[in-house]
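# Coordinates in review
Residue-level listing of the chains:
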Amino acid sequence: MTVPHDDEQDKPLDPAVENVRRKLVRFIVINLGILFIALMAVVVALVYRATRVSETAPATISELPVPAGEGAISGAVTLPAGARVLDHAITGSLLSLRLELASGAEAILLYDITSGRTIGQIDIAGGR
């Protein structure tokens, strides 16, 4: 096993090998450029999505049935016996209440504010 001298390592490459080396370097530079441009496009898309304002506005209070004059909306929601309200949400004229029933199970009660009636109850299956 012989150790090459520095003189042997500094010799110029064969012109055919040098030509292949140049093509390889050009190939690597072009592909890295394309990869960089693609990565920047992904970053720009992520920043755009993160900063974009939603085009569909959520339901506003003006969609609720507001009575004419000085009156206010009033009504009563009848809950099942022993039920406790855990959470609520309103969308348009639909009120949803997440309940803990007397049995310990949970359910979602849907109430239509416009008609003033309960339109459904969805039991949530599964345990905690």
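A brief look at the structure comes next. All of these numbers come straight from a predicted model, not from anything done at the bench.

### So, the pattern of salt bridges
Inspection of the entire model under this criterion finds four salt bridges. Between E18 and R21 there is a salt bridge; the shortest N-O distance is 2.7 Å. One end of the pair, E18, and the other, R21, are both in helix α2 (residues 15–51), three residues apart, so they sit about a helical turn from each other. Using a relative accessible area of 40% as the deciding quantity, one classes R21 as partly exposed. Salt bridges linked by common partners bring E18, R21 and R22 together as one network.

### Considerations on the pairing of strand β2 (residues 94–100)
As judged from the seven bridges shared by strand β1 (residues 84–91) and β2, these two strands associate in the antiparallel manner. Across the sheet, R84 pairs through a bridge with E100, a residue of β2. Counted between consecutive antiparallel strands, the loop separating β1 from β2 contains two residues, among which G92 sits at a positive phi close to 60°. Taken together, the seven bridges between β2 and strand β3 (residues 106–112) define a ladder with antiparallel strand orientation. Across the sheet, residue L95 finds its bridge partner in β3, namely Y111. Counting the residues in the hairpin turn of β2 and β3 gives five residues, including G104, whose phi is positive at 95°.

Rules used in this analysis
Residues numbered from 1 in each chain as written. Predicted model: local features only at pLDDT ≥ 70, side-chain atom pairs only at ≥ 80, totals over all residues. Heavy atoms only, no water. Salt bridge = Lys/Arg side-chain N within 4 Å of Asp/Glu carboxyl O. Helix = DSSP H or I, 4+ residues; strand = E, 2+ residues; numbered from the N terminus. Buried < 20%, exposed > 50% of the residue type's maximum accessible area, 1.4 Å probe, protein only. Pairing = 2+ DSSP bridges.

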